[in-house]
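Residues per chain are reported as follows:
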Amino acid sequence: MNLARFALKNYQVSLVTLLLLVVLGVISLLTMPRSEDPQFDFPAAMITAVLPGTNPIDMEKLIIDPIEEELNELEDIKVIRAEIEDGLALIRIEFLYGEDPDDKYDDVVSAVARIRNDLPQGIQRFSIEKIAPAETSILQLALTSTQMDYRQASYWAEKLKKRLQSIKGVKRAQINGVPEQQVSVRANLQRMRALNISMTQLINAIEGAGYNIPAGHVNAGLRRFSVRTSGDFDNLNQITNTVITQGDGNLIRVSDVADVSIANGMDQYRVKFKQQDAVFINVVQRSGSNIFDVLADVNHQLQDFTAALPDSLTLQTVHDQSIGVEERINSFLINLLQGLFVVGVLTTLLLGMRASLVIVLAIPMSVLIALGWVDLSGYGLQQMSIVGLVIALGLLVDNAIVVTENVARLINKGMDAQQAAQEGASQVALAVASGTLTTILAFFPILLLPSGSGTFMRSMPVTVVFTLFASLLVAIAFTPYLASHLLKPAKKKQPLLQRGLEHYAQHGYRRSLNWSLRNPFKVLILALIIFIGSLSLFPYIGVSLFPKAEKPSLLINVDMPEGSSFERTRQMAEQVANITRSKDIVSSIALNIGRGNPHIYYNVFPNRQVPNFAQLYVKLKYYNADKTNQFIAGLREDFAQLTDVKVAIKEFQQGPPSEAPVEIQLEGDNLNLLRDVAADVEKMVRDTEGTVNVDNPVSKNKIDLQIKINREKAALLGVSIASIDQTVRASLSGYHAGSYRDELGEDFAIVIRKQGHQEPEYEELAEITLQNNQGQLIPLNQVADIQLITDIPGFRHLNLQRMVHVTSDVKNGYQTEVITNSIIEKLEQYSFPQGVHYSIGGEQKNRKESFAGMTKAFIFALLGIFAVLVMQFRSFGQPMIIFAAIPFAISGAFVGLLLSGYTFSFTAFIGLTSLIGIVVNNSIILVDFANQLMREGQNRQQAIIESSVTRLAPIVLTSLTTIGGLLPLTLEGSTMWSPMGWSIIAGLAVSTLLTLFVIPVLYQWFSKPIVKEA
């Protein structure tokens, strides 16, 4: 290849170019974004609506159906899911991979806006949010107090929010856990009865007085004036003095029958931290920012803010993502340095100090150049990109080893150093470029995976590809130049290991190779037995998707029976927190009552704003797999003693979002049939060994009170149905009668409800009175009966169809795939009623989607590599010979996974796919050099023998350096990366061993003779 000669003849240009690229890499290393996990968005959105006191069937009819019908008209939809509970509607819409997340979010907002006015009045919370892993909070703070004044806490939280949002790298700060502040109009029903005032009159009076209707304009000569009318309330006194009616010549005002004040709304979501009432403030960083720089600015602001806080409030840290980022990045960097050390030791022992120096210098140069390119591509420094560097570490030295070893061989033969550098680099340049390209092609398809898993992993293959390109550039443009100046003819004995390897190549290996060429059938049959035998191991290995995140934190979900009050949920959640807090390993607990914890992990999103749900975010002092598992097992035993509550412990998982590892989805129109089938499926799941936290949301009846109106009697008494509904809602949950803005510009809802308990009590129903069309007050029980009814607690929609599901977690030591398949066997034997069918969700669905993409990537990699080899060798036969190394790589990978005890996970699949490009390099080196020898006049058998013997050392060394580079990461025991490491290490070891014998045999059989060059 002329590039090598050009680089040596113009070494000044080559060195300056490389120096500029290295400087770019150094700058990128210092400035590029850092985060714990990849920052990416995918096209998805979530719509939340909260309408307290509305049963699931009505939520479906009034909110879910209209929104879903409008969303369903959008293009490129992948799936629409909806969760429907008492007073809560949650809709998630995902679009096809590759669609622009911002455009699709705008489409969702526009679609919902078209029907927003058709939705019922009184929705207390309505939001449309992006489902974006990049929106994860990097910091969660808590304003705590032993005697919480929420208005004071809200004031200081808003001040802190504004300070934080002024920081350059902060995208958003969110306040959570503050009760809604509202203008509370508490009606005295006894006083109202005495004055013959109804709830409807009170509502109409306040609503009418607070209307802000633009009056228009008038012309006065040539002037035009806008006309203002009464408008909104200016102060609370105006509300208090609002006239309701005139009685006995006196004006009856709001103050005569109600108390007006700014107060907390009904309890819907409260938080505590370290046993104190709290308000949470969560910080989301901007995409592309450096988490350490952002938090340095945040901490500077917090110092000033804390100094100004009143003594009654304390600011504490609940979650700091930078701690995990620093630990993870440091861990991977240590793996990288350890790998570099191992590679340096191996090359020194096998090639000597000078050759080792040439090779090792290529590593930091290649890494820094690659980092510059990675930064320019928009990726930051996080676990995926660093793992890409670790994987590439063992690969990038292959090019330098092959070039350096060939130059050293020519120098030792007596060739001039400059000439040896040119000739040595040129001889192997094509093979090195081809080998690099085949390895890149093995990783390139992973870039195109059309799934959440592919998006999550994308920065890893990007980093590998850039690093390999950089290593090829360094090997061609820098390594020959450095070798020509550092390498000298061997005047003393070579390193012991090198002499031993060459002695083995010339004697032991040559004899074994000659025997193999004389007994080709025996060699191939033995190789075939090894391959088929390894395939039979696969059922014992098992499959999975992504492992646990191995973080020193977890979530505990507390589900109370349907109909439980907020107060009862709070009491039980605190009891669960006390049990958890008693364990020595626990550092802190953030308690969320009525909703999940804010978004602090990329694939866990807060949901379920219902009064019978609570969630604990538990921070541990450290993470140790065995001790953490013992801690969780002990907690489950303790929680099993609690009654009337379901407590589930959730460990954070890697990979795409998934509600539970095992999920059985049941679809149909008849909710009663779905409930019956779900009960049977729940029993199947519970009876399957290895399941835990089995959940069937529709298993328990929801008991409601129904006010059954006697319409005929109401009509006879002159009471309208609308006034009954309005009065009951105002008396119990409160009626939204307008809004009020104070002098500071803060808006408050005006809510009318009866005096008494904060939460409405059953006995208070007897106090409700209605006013008929003649002005008379009539007790509610004269026109309605109060009955107990049972109802479904909630259900779901899947692509607009009704659905319920049964979910389960998996105990430690069990495989999700095995458990799911056992349940499927039971489902296949079950007789489903007409109109009901099942589907599988959870990990198995995600795994099939991800593995389907990986299979396509695997095939694409094979075809791409084959095309490169055909172009290089101008033959179809020799690429097939080279491909013979791949089955043995698969054999080794399976053996490695079995012996290490890991399952065939998504990362193991990636290891296997990348292994394709790695193992064919050894075959390319053998075949390419054998072809050169045949062109020089040797016959086919002589050529392959000499090629194999000569190339044994670089083949063994490149394999050892690849293994050595991955060894520290693999031995760390990470459930995420160790399976990939063992796949590559074992696959490469077995493939290298068999390649040295099988490839020569196939070459002797199938390669055509090459005419000697003139």
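So, how was this worked out
- Residues numbered from 1 in each chain as written.
- Predicted model: local features only at pLDDT ≥ 70, side-chain atom pairs only at ≥ 80, totals over all residues.
- Heavy atoms only, no water.
- Helix = DSSP H or I, 4+ residues; strand = E, 2+ residues; numbered from the N terminus.
- Contact = heavy atoms within 4.5 Å.
- Areas by Shrake-Rupley, 256 points an atom, 1.4 Å probe, with all protein chains shown as cover.
- Core = buried A, V, L, I, M, F, W, Y, C linked by side-chain atoms within 4.5 Å.
- Buried < 20%, exposed > 50% of the residue type's maximum accessible area, 1.4 Å probe, protein only.
- Salt bridge = Lys/Arg side-chain N within 4 Å of Asp/Glu carboxyl O.
- Expected span 1.5 Å × (residues − 1).
- Pairing = 2+ DSSP bridges.
- Axes fitted to C-alpha atoms, helices over the stretch in contact; angles between N-to-C directions.
- 1 Å grid on protein atoms, 1.4 Å probe; cavity = no way out; pocket = protein on both sides within 12 Å on 5 of 7 lines; lining within 4 Å.
- Points joined across faces, edges and corners; volume = space filled by probe spheres on them.
- Phe/Tyr/Trp six-rings, centres within 6.5 Å; stacked < 30°, edge-to-face > 60°.
- Lys NZ or Arg CZ within 6 Å of the ring centre and 35° of its normal.

**Student:** Whenever I open this one, the overall build of the protein confuses me. Can you help?
**Tutor:** Broken down by element type, the protein carries 32 helices and 30 strands. Taken along its principal axes, the extent of the C-alpha atoms in the protein is 125 × 70 × 65 Å. When contacts within the protein are restricted to residue pairs at least 6 apart in sequence, those whose partners lie at least 24 apart make up 81%. Per element, the accessible surface of the protein, about 43,700 Å² overall, is 53% carbon and sulfur.

**Student:** Which parts of the structure should I look at to understand the nonpolar core?
**Tutor:** For soluble globular proteins, the rule of thumb is that nonpolar side chains tend to be buried together. Formed by 194 residues in total, the largest nonpolar core has its most connected members in Leu143, Met457 and Phe904. By residue number, the principal contributor to this core is helix α30 (residues 906-935), which donates 18 residues. With 47 residues, the next largest nonpolar core counts Ile67, Val112, Ala678 and Val810 among its residues.

**Student:** Where do I start with the pattern of salt bridges in this structure?
**Tutor:** Side-chain pairing between opposite charges can occur once the charged atoms of the two side chains come close. A complete count under the given rule lists 18 salt bridges for this structure. Residues Arg802 and Glu60 are paired through a salt bridge, measuring 2.7 Å at the closest nitrogen-oxygen approach. Of this pair, Arg802 sits in strand β29 (residues 801-810) while Glu60 sits in helix α3 (residues 56-71), and the two are 742 residues apart along the sequence. Note that Lys683 and Asp687 form a salt bridge whose closest N and O atoms lie 2.9 Å from each other. Through salt bridges with shared partners, one network takes in Lys272, Glu567, Arg570 and Glu574.

**Student:** Would you mind going over α30 with me for this structure?
**Tutor:** Because an α-helix completes one turn every 3.6 residues, residues spaced three or four positions apart along the sequence face the same direction. Between its terminal C-alpha atoms α30 stretches 44 Å, which fits the 44 Å expected from 30 residues at 1.5 Å a residue. For α30, the tally of buried residues reaches 29 of 30 residues, placing the bulk of the element in the interior. Looking one or two places after α30, you find Gly937, whose phi comes out positive at around 120°.

**Student:** Explain the sheet that holds strand β12 (residues 258-264) to me, please; I cannot follow it from the model alone.
**Tutor:** Through backbone hydrogen bonds, the strands of a sheet pair up, either in parallel or in antiparallel fashion. Pairing in this open sheet of four strands is mixed, and the strands run β12-β7-β24-β23 from one edge to the other. The sheet terminates laterally at β12 and β23 (735-741), the two strands that pair on one side only. If you compare each strand with its neighbour and ignore which way they point, the axes differ by 30° on average. Both strand β7 (residues 181-187) and β12 contribute to a ladder of seven bridges, which runs antiparallel.

**Student:** What is the right way to read empty space enclosed by the protein from this model?
**Tutor:** To find the voids left in a structure, one rolls a probe of water-molecule size over its atoms. Enumeration according to the criterion identifies seven cavities of 30 Å³ or more in this entry. In this structure, the largest cavity spans a volume of roughly 220 Å³. In terms of lining, the largest cavity is formed by 20 residues, of which the most central are Asp398, Asn399, Gly435, Asn921 and Ile925. Breaking the lining of the largest cavity down by element, the ones donating at least two residues are α13 (383-412), α14 (417-443), α16 (459-477), α30 and α31 (940-971). Of the residues forming the lining of the largest cavity, the biggest block, six residues, is contributed by α14. By volume, the second largest cavity amounts to about 150 Å³.

**Student:** Just checking my understanding: could you explain the pairing of strand β17 (residues 586-593) for this structure?
**Tutor:** A regular strand carries its side chains on alternate faces of the sheet. Within β17, seven of the eight residues are buried, which leaves it mostly tucked inside the rest of the structure. Sheet topology note: the strand β13 (residues 270-273)/β17 ladder contains four bridges and is antiparallel. Among the inter-strand pairings, Phe273 is bridged to a residue of β17, identified as Ala590. Relative to strand β18 (residues 613-620), β17 runs antiparallel, the two sharing seven bridges. Residue pairing across strands places Leu591 opposite Leu616, the latter belonging to β18.

**Student:** Honestly, the packing of aromatic side chains in this entry has me stumped. Any pointers?
**Tutor:** Each aromatic ring pair is described using two quantities: the centre-to-centre distance and the angle formed by the ring planes. Counting across every chain of the model gives 18 aromatic pairs. Ring geometry for Trp373 and Phe466: centres 6.1 Å apart, planes at 65°, overall edge-to-face. Here the residue Trp373 occupies a position in helix α12 (residues 353-376), and Phe466 occupies one in helix α16, the gap between them amounting to 93 residues. Aromatic pair Phe832 and Tyr838: ring centres 5.5 Å apart, planes at 20°, arrangement stacked. Here the aromatic cluster, defined as three or more aromatic residues joined through ring pairs, consists of Phe538, Phe894, Phe904 and Phe909. A cation sits over an aromatic face here: Arg116 above Phe126, 4.5 Å from the ring centre. It is Arg951 that lies over the ring of Phe929; its NZ or CZ is 4.2 Å from the centre.

**Student:** What is the right way to look at the pairing of β7 in this model?
**Tutor:** With seven of seven residues buried, β7 is to be regarded as a mostly interior element. Burial along β7 is two-sided: the face carrying Gln181, Val183, Val185 and Ala187 and the face carrying Gln182, Ser184 and Arg186 are both buried. Bridge count for β7 against strand β24 (residues 747-754) is six bridges, and the pairing is parallel. Across the sheet, Val185 pairs through a bridge with Ile752, a residue of β24.

**Student:** Help me understand the side chain of Glu70, please; the structure alone is not making it clear to me.
**Tutor:** With respect to the secondary-structure elements, Glu70 resides in helix α3. Assessed through its relative accessible area of 15%, Glu70 is described here as buried. Dropping the residues within four chain positions of it, Glu70 is found in contact with Ala111, Arg114 and Ile115.

**Student:** Which parts of the structure should I look at to understand the environment of Val677?
**Tutor:** Looking at the element boundaries, Val677 is found in helix α23 (residues 671-686). In this structure, the C-alpha to C-alpha distance between Val677 and Ala577, residues 100 residues apart in sequence, is 35 Å. Dropping the residues within four chain positions of it, Val677 is found in contact with Leu666, Tyr830, Phe832, Pro833 and Val836.

**Student:** How do you make sense of the environment of Phe851 when you look at a structure like this?
**Tutor:** Examined against the element boundaries, Phe851 turns out to sit in helix α27 (residues 842-873). In sequence terms Phe851 and Ile910 are 59 residues apart; their C-alpha atoms lie 9.8 Å from each other. In this structure Phe851 touches Ser544, Leu545, Phe904, Ser905, Phe906 and Phe909, once residues within four positions along its chain are discounted.

Shape descriptors only; they carry no functional weight alone.
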